[in-house]
Amino acid sequence: GESVGLHLPTLSVQEGDNSIINCAYSNSASDYFIWYKQESGKGPQFIIDIRSNMDKRQGQRVTVLLNKTVKHLSLQIAATQPGDSAVYFCAEVGGSGNTGKLIFGQGTTLQVKP
Amino acid sequence: NAGVMQNPRHLVRRRGQEARLRCSPMKGHSHVYWYRQLPEEGLKFMVYLQKENIIDESGMPKERFSAEFPKEGPSILRIQQVVRGDSAAYFCASSPPQGRMAFFGQGTRLTVV
């Protein structure tokens, strides 16, 4: 069945360093992917999205890379800050023509050391 | 412009009681989704509703769980005869018609004692 998974349950980085969080997906027909950030006790917060017709998309301090050949996504955070500490989920939009039905991975906890 | 509003934020129920979770979507959003998150896990899709219609309930447990999104008022996720395994965070998301992006509420944390 469809699944989206994340490598490494926890990532620890030094403040100011760049962070890279990886994600593998299994449904080659998926055409839209989203990264969410979830802080403790809060709901998922949209970070950045990418469609399958793109390889790269940049936001403010964040970049998402999509490699369709190996079905791999990554989220890069530049100059990581303490406020970036959270759990990061990649999600795949599922269902033909559907909007919001998301298939989430297990999440990677990002810990930023001061 | 208020975001997705969920209430209550925390709900404690004894085994066998009913739990009702409410979700008011963002203004202009007619699509509502419910997700469940167990501790240390990702979110799992439960159900997708539009006004007065259930579009996709493939993630809903077959018994005790139901959802509605009436013409007026919030969407309701109802869990009858709760058991300890129902303890989780329940998140609602909404999106506009034709929209690809869903915005999440802060969740309701259900504890069954």
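Sequence order as written defines residue numbering, which begins from 1 separately in each chain. Note on labels: chains are lettered from A, ligands numbered from 1, in written order. Selection of residues for local features in this predicted model requires a pLDDT of at least 70, selection of side-chain atom pairs for listing and counting requires 80 or more, and totals for whole chains, interfaces and linings are taken over all residues. Neither water nor hydrogens contribute to the side-chain values; these are computed over all heavy atoms in the structure.

A.B. asks: Could you give an account of the sheet that holds strand β3 (residues 19–24) of chain B, naming the residues involved and the relevant values?
C.D. replies: Residues and elements named next belong to chain B. Pairing between strands is defined by DSSP: at least two bridges between the two strands are required. Think of it this way: any DSSP run of H or I at least four residues long counts as a helix, any run of E at least two long counts as a strand, and we number them from the N terminus. Strand order in the open sheet formed by four strands is β1-β3-β8-β7, and the pairing between neighbours is antiparallel. A strand with exactly one partner marks an edge of an open sheet, and here the two such strands are β1 (5–7) and β7 (65–68). Ignoring which end each strand starts from, the neighbouring axes of this sheet average 15 degrees apart. Examined bridge by bridge, β7 and strand β8 (residues 75–79) share four bridges and lie antiparallel to one another. Residue pairing across strands places Ala67 opposite Leu77, the latter belonging to β8. Fitted lines through C-alpha atoms serve as axes, helices being fitted only where they are in contact, and the angles separating the N-to-C directions of these axes extend from 0 to 180 degrees.

A.B. asks: Can you break down the environment of Leu102 of chain A residue by residue, with the values?
C.D. replies: Structurally, Leu102 of chain A is set in strand β10 (residues 102–104). In this structure, the C-alpha to C-alpha distance between Leu102 of chain A and Pro9 of chain A, residues 93 residues apart in sequence, is 20 Å. With near-sequence residues (within four places) excluded, Leu102 of chain A lies in contact with Ile34, Tyr36, Ala91, Glu92 and Val93 of chain A together with Tyr35, Phe45 and Phe104 of chain B. Here, residues are in contact when the closest pair of their heavy atoms is within 4.5 Å.

A.B. asks: Mind laying out the state of the cysteines, listing which residues take part and the relevant values?
C.D. replies: Criterion for a disulfide: a pair of cysteine sulfur atoms within 2.5 Å. Summed over the entire model, instances satisfying the criterion amount to two disulfides over all chains. Between Cys23 of chain A and Cys90 of chain A runs a disulfide, and the two sulfur atoms are separated by 1.8 Å. Classification of the bridge connecting Cys23 of chain A and Cys90 of chain A rests on its S-S torsion, roughly 55 degrees, and on that basis the disulfide is right-handed. Of this pair, Cys23 of chain A sits in strand β3 (residues 19–25) while Cys90 of chain A sits in strand β9 (residues 86–93), and the two are 67 residues apart along the sequence. A single burial state applies to Cys23 of chain A and to Cys90 of chain A, both of which are buried. A sulfur-sulfur separation of 1.8 Å characterises the disulfide bridge that pairs Cys23 of chain B with Cys92 of chain B. What sets the handedness of the Cys23 of chain B and Cys92 of chain B disulfide is the S-S torsion sign, and at about -55 degrees it is left-handed. Taken as a pair, Cys23 of chain B in strand β3 and Cys92 of chain B in strand β9 (residues 88–95) lie far apart in primary sequence, 69 residues in all. Type-normalised accessible area, obtained with a 1.4 Å probe on protein chains alone, sets the label of each residue: buried when under 20%, exposed when over 50%, and partly exposed for intermediate values. Take Cys23 of chain B: its relative accessible area is 0%, and that puts it in the buried class.

A.B. asks: How would you sum up the interface of chain A and chain B? Please name residues and give values.
C.D. replies: Contact residues are listed per partner, giving 22 residues for chain A and 25 residues for chain B. A 1.4 Å probe defines the accessible area here, and the buried area is the portion of it lost by two parts on being joined, summed over both. Buried surface at the junction of chain A and chain B, summed over both partners, amounts to about 1800 Å²; 50% is from carbon and sulfur atoms. The working definition used for a salt bridge is a side-chain nitrogen of Lys or Arg within 4 Å of a carboxyl oxygen of Asp or Glu. Inspection of the chain A/chain B interface yields one salt bridge. For Asp56 of chain B, the salt bridge goes to Lys101 of chain A, with nearest N and O atoms at 3.0 Å. Pairing of N or O atoms within 3.5 Å defines a polar contact, subject to two protein rules: one partner must be a possible hydrogen donor and the other a possible acceptor, and residues neighboring in sequence count only if both atoms are side-chain atoms. Connecting chain A to chain B are eight residue pairs in polar contact (both at pLDDT 80 or more). Sorting the residues of the side of chain A that touches chain B by element identifies β4 (32–38), β5 (45–51), β9 and β10 of chain A as the ones contributing at least two each. Of the residues forming the side of chain A that touches chain B, the biggest block, four residues, is contributed by β4 of chain A.

A.B. asks: Lay out the pattern of salt bridges in plain terms, naming residues and giving numbers.
C.D. replies: Tallied over the entire structure, the rule returns eight salt bridges over all chains. The closest approach of N and O atoms between Lys68 of chain A and Asp55 of chain A, which form a salt bridge, is 3.3 Å. Separated by 13 residues along the polypeptide, Lys68 of chain A in the loop between β7 (62–67) and β8 (72–77) and Asp55 of chain A in the loop between β5 and β6 (56–58) bring together distant segments of the chain. In this structure Asp55 of chain A comes out as exposed when scored by relative accessible area, which is 52%. Here Asp86 of chain B ties to Arg64 of chain B by a salt bridge, and the two come within 2.7 Å at their closest N and O atoms. Here Asp86 of chain B is found in the loop between β8 and β9, whereas its partner Arg64 of chain B is found in the loop between β6 (53–56) and β7, with 22 residues between them in sequence. Among the residues examined, Asp86 of chain B registers a relative accessible area of 3% and is labelled buried. By relative accessible area, Arg64 of chain B is classed as partly exposed at 26%.

A.B. asks: Please provide a residue-by-residue account of unusual backbone geometry, values included.
C.D. replies: The step from Asn7 of chain B to Pro8 of chain B runs through a cis peptide bond, and the omega angle for that step is -5 degrees. The backbone of Arg61 of chain A sits at a positive phi, close to 70 degrees, despite the residue not being glycine. Phi at Ala79 of chain A is positive, roughly 50 degrees, even though this residue is not glycine. Its place among the elements puts Ala79 of chain A in the loop between β8 and β9.

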